[in-house]
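Chain residues, written in single-letter form:
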Amino acid sequence: SVLTLFKAVTSGMDWQEAYQQLDKIGPFWGAVFVFFIAFAVFAVLNIITGIVLSSALESVIHDRDMILQDHVARKEMYVKALQALFSEIDLNNTGCITLQDFEDVMTGDRQEDLKDVFASIDISIHSAWHLFRLLEPDEDHRIKLDSFVDGCLRLQGAAKTVDLHLL
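None of these values were measured; they are calculated from a predicted model.

**Q** Looking at this structure, how should I read the overall build of the protein chain?
**A** Helix and strand counts for the protein chain stand at 8 helices and 2 strands. Its helices and strands taken in sequence order, the protein chain reads α-α-α-β-α-α-α-β-α-α from the N to the C terminus. Considering the protein chain as a whole, with its 167 residues, one finds that 24% of them fall into the buried category. By sequence separation, contacts in the protein chain at least 24 residues apart represent 56% of the contacts at least 6 residues apart. Surface accessibility of the protein chain: about 11,400 Å² in total, with carbon and sulfur atoms responsible for 59%.

**Q** What am I meant to see in the nonpolar core here?
**A** The tendency in soluble globular proteins is for nonpolar side chains to be buried as a group. Within the largest apolar cluster, 24 residues are counted, with the highest numbers of intra-cluster contacts made by Phe102, Phe118 and Phe148. Looking at this core, the elements that each hand over two or more residues are helix 3 (27–89), helix 4 (99–107), helix 5 (111–120), helix 6 (128–135) and helix 7 (145–155).

**Q** Quick question: what am I supposed to make of the side chain of Asp90 here?
**A** Relative to the helices and strands, Asp90 is located in the loop between helix 3 and strand 1 (96–98). In this structure Asp90 is buried but unpaired, with Arg142 as the nearest side chain of opposite charge at 7.4 Å. Asp90 has contacts with Gly95, Cys96 and Ile97, leaving out every residue within four places of it along the chain.

**Q** What am I meant to see in the packing of aromatic side chains here?
**A** Taken as a whole and judged by the stated rule, the model has 3 aromatic pairs. Their ring planes at 20 degrees and their centres at 6.5 Å tell us that Phe35 and Phe39 sit as a pair that is stacked. Highlighted residues: Phe35 and Phe39, both in helix 3, separated by 4 residues, approximately one helical turn. What makes Phe35 exposed here is its relative accessible area of 59%.

The rules behind the values
Residues numbered from 1 in each chain as written. Predicted model: local features only at pLDDT ≥ 70, side-chain atom pairs only at ≥ 80, totals over all residues. Heavy atoms only, no water. Helix = DSSP H or I, 4+ residues; strand = E, 2+ residues; numbered from the N terminus. Buried < 20%, exposed > 50% of the residue type's maximum accessible area, 1.4 Å probe, protein only. Contact = heavy atoms within 4.5 Å. Areas by Shrake-Rupley, 256 points an atom, 1.4 Å probe, with all protein chains shown as cover. Core = buried A, V, L, I, M, F, W, Y, C linked by side-chain atoms within 4.5 Å. Lys, Arg positive; Asp, Glu negative; His and termini not counted. Salt bridge = Lys/Arg side-chain N within 4 Å of Asp/Glu carboxyl O. Phe/Tyr/Trp six-rings, centres within 6.5 Å; stacked < 30°, edge-to-face > 60°.

Structure, rendered in C-alpha coordinates:
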(Lines give C-alpha, C1' and ligand atoms only; values in the text may rest on other atoms or scores of the structure.)
Protein backbone atom coordinates (compact mmCIF):
# COMPACT_ATOMS: atom_id res chain seq x y z
CA SER A 1 0.00 0.00 0.00
CA VAL A 2 0.99 3.64 -0.39
CA LEU A 3 1.01 4.11 3.39
CA THR A 4 3.58 1.32 3.74
CA LEU A 5 5.76 2.95 1.07
CA PHE A 6 5.47 6.33 2.80
CA LYS A 7 6.32 4.86 6.20
CA ALA A 8 9.28 2.96 4.76
CA VAL A 9 10.76 6.09 3.15
CA THR A 10 10.16 8.38 6.13
CA SER A 11 11.40 5.88 8.74
CA GLY A 12 7.89 5.38 10.10
CA MET A 13 8.52 1.64 9.91
CA ASP A 14 11.46 -0.62 9.28
CA TRP A 15 11.41 -1.24 5.54
CA GLN A 16 12.92 -4.66 6.16
CA GLU A 17 9.52 -5.81 7.45
CA ALA A 18 7.75 -4.73 4.25
CA TYR A 19 10.48 -6.33 2.14
CA GLN A 20 10.12 -9.67 3.88
CA GLN A 21 6.34 -9.66 3.31
CA LEU A 22 6.75 -8.75 -0.37
CA ASP A 23 9.53 -11.30 -0.83
CA LYS A 24 7.10 -14.01 0.35
CA ILE A 25 4.74 -13.05 -2.50
CA GLY A 26 7.59 -13.14 -5.01
CA PRO A 27 11.23 -12.01 -5.30
CA PHE A 28 10.29 -9.64 -8.11
CA TRP A 29 8.09 -7.57 -5.75
CA GLY A 30 10.83 -7.49 -3.12
CA ALA A 31 13.27 -6.21 -5.75
CA VAL A 32 10.76 -3.55 -6.90
CA PHE A 33 10.34 -2.44 -3.29
CA VAL A 34 14.12 -2.19 -2.76
CA PHE A 35 14.43 -0.21 -6.01
CA PHE A 36 11.65 2.14 -4.84
CA ILE A 37 13.39 2.72 -1.49
CA ALA A 38 16.74 3.34 -3.18
CA PHE A 39 15.15 5.73 -5.68
CA ALA A 40 13.23 7.62 -3.01
CA VAL A 41 16.13 7.92 -0.62
CA PHE A 42 18.97 8.62 -3.04
CA ALA A 43 17.22 10.47 -5.85
CA VAL A 44 14.24 12.35 -4.49
CA LEU A 45 15.74 13.30 -1.14
CA ASN A 46 18.99 14.41 -2.79
CA ILE A 47 17.02 16.56 -5.21
CA ILE A 48 15.19 18.16 -2.31
CA THR A 49 18.48 18.72 -0.50
CA GLY A 50 19.94 20.28 -3.67
CA ILE A 51 17.00 22.66 -3.97
CA VAL A 52 17.36 23.72 -0.34
CA LEU A 53 21.12 24.24 -0.72
CA SER A 54 20.62 26.16 -3.97
CA SER A 55 18.18 28.44 -2.21
CA ALA A 56 20.63 28.95 0.64
CA LEU A 57 23.42 29.77 -1.84
CA GLU A 58 21.24 32.36 -3.58
CA SER A 59 20.53 33.88 -0.18
CA VAL A 60 24.26 34.12 0.56
CA ILE A 61 24.91 35.78 -2.81
CA HIS A 62 22.11 38.25 -2.09
CA ASP A 63 23.64 38.94 1.35
CA ARG A 64 27.04 39.60 -0.28
CA ASP A 65 25.41 42.10 -2.64
CA MET A 66 23.74 43.78 0.32
CA ILE A 67 27.08 44.00 2.14
CA LEU A 68 28.71 45.58 -0.93
CA GLN A 69 25.87 48.08 -1.28
CA ASP A 70 26.17 48.94 2.41
CA HIS A 71 29.94 49.40 2.04
CA VAL A 72 29.49 51.76 -0.93
CA ALA A 73 26.79 53.75 0.90
CA ARG A 74 28.99 54.00 4.01
CA LYS A 75 31.94 55.19 1.93
CA GLU A 76 29.79 57.89 0.32
CA MET A 77 28.66 58.98 3.78
CA TYR A 78 32.31 59.15 4.94
CA VAL A 79 33.30 61.20 1.89
CA LYS A 80 30.51 63.72 2.58
CA ALA A 81 31.49 63.94 6.25
CA LEU A 82 35.15 64.46 5.31
CA GLN A 83 34.25 67.16 2.77
CA ALA A 84 32.21 68.98 5.41
CA LEU A 85 35.07 68.62 7.90
CA PHE A 86 37.53 70.00 5.33
CA SER A 87 35.26 73.02 4.81
CA GLU A 88 35.23 73.64 8.56
CA ILE A 89 39.02 73.52 8.73
CA ASP A 90 39.53 75.64 5.58
CA LEU A 91 38.38 78.87 7.21
CA ASN A 92 39.89 81.03 4.43
CA ASN A 93 38.11 79.06 1.65
CA THR A 94 41.37 78.60 -0.26
CA GLY A 95 40.71 74.97 -1.22
CA CYS A 96 43.75 73.94 0.82
CA ILE A 97 44.41 73.61 4.49
CA THR A 98 47.73 74.31 6.10
CA LEU A 99 49.23 72.85 9.22
CA GLN A 100 48.41 76.11 10.98
CA ASP A 101 44.72 75.88 9.94
CA PHE A 102 44.66 72.28 11.07
CA GLU A 103 46.28 72.96 14.43
CA ASP A 104 44.11 76.03 15.07
CA VAL A 105 40.95 74.00 14.65
CA MET A 106 42.31 70.94 16.47
CA THR A 107 43.39 72.99 19.50
CA GLY A 108 40.51 75.47 19.46
CA ASP A 109 36.98 75.41 20.83
CA ARG A 110 35.86 72.84 18.26
CA GLN A 111 38.58 70.31 19.15
CA GLU A 112 36.21 67.79 20.73
CA ASP A 113 33.68 68.15 17.90
CA LEU A 114 36.35 67.43 15.30
CA LYS A 115 37.71 64.48 17.25
CA ASP A 116 34.16 63.15 17.40
CA VAL A 117 33.80 63.56 13.64
CA PHE A 118 37.08 61.71 13.08
CA ALA A 119 35.98 59.02 15.54
CA SER A 120 32.65 58.63 13.72
CA ILE A 121 34.54 57.71 10.56
CA ASP A 122 36.83 55.35 12.46
CA ILE A 123 39.93 57.53 12.48
CA SER A 124 41.76 57.76 15.77
CA ILE A 125 44.07 60.74 16.08
CA HIS A 126 46.67 61.39 18.76
CA SER A 127 48.11 64.65 17.49
CA ALA A 128 47.24 67.06 14.73
CA TRP A 129 50.85 67.12 13.49
CA HIS A 130 51.04 63.36 12.94
CA LEU A 131 47.69 63.25 11.17
CA PHE A 132 48.63 66.23 8.99
CA ARG A 133 51.94 64.59 8.01
CA LEU A 134 50.14 61.39 7.04
CA LEU A 135 47.63 63.26 4.89
CA GLU A 136 50.12 65.61 3.22
CA PRO A 137 51.20 63.93 -0.05
CA ASP A 138 53.53 66.62 -1.47
CA GLU A 139 55.21 67.90 1.70
CA ASP A 140 54.37 71.48 0.71
CA HIS A 141 52.56 71.93 4.05
CA ARG A 142 49.19 72.14 2.30
CA ILE A 143 46.47 69.56 1.87
CA LYS A 144 43.91 69.80 -0.91
CA LEU A 145 40.39 68.44 -0.54
CA ASP A 146 41.01 65.32 -2.64
CA SER A 147 44.20 64.47 -0.74
CA PHE A 148 42.41 65.02 2.57
CA VAL A 149 39.49 62.75 1.67
CA ASP A 150 41.66 60.03 0.10
CA GLY A 151 44.14 60.11 2.98
CA CYS A 152 41.43 59.89 5.63
CA LEU A 153 39.76 57.00 3.80
CA ARG A 154 43.11 55.19 3.71
CA LEU A 155 43.57 55.74 7.44
CA GLN A 156 40.03 54.73 8.26
CA GLY A 157 39.77 51.83 10.67
CA ALA A 158 41.28 50.85 13.93
CA ALA A 159 44.00 52.95 15.54
CA LYS A 160 46.50 50.32 14.44
CA THR A 161 46.24 51.61 10.86
CA VAL A 162 47.30 55.10 11.87
CA ASP A 163 50.07 53.72 14.03
CA LEU A 164 51.41 51.62 11.14
CA HIS A 165 51.49 54.64 8.85
CA LEU A 166 53.37 56.58 11.52
CA LEU A 167 56.04 53.93 11.59
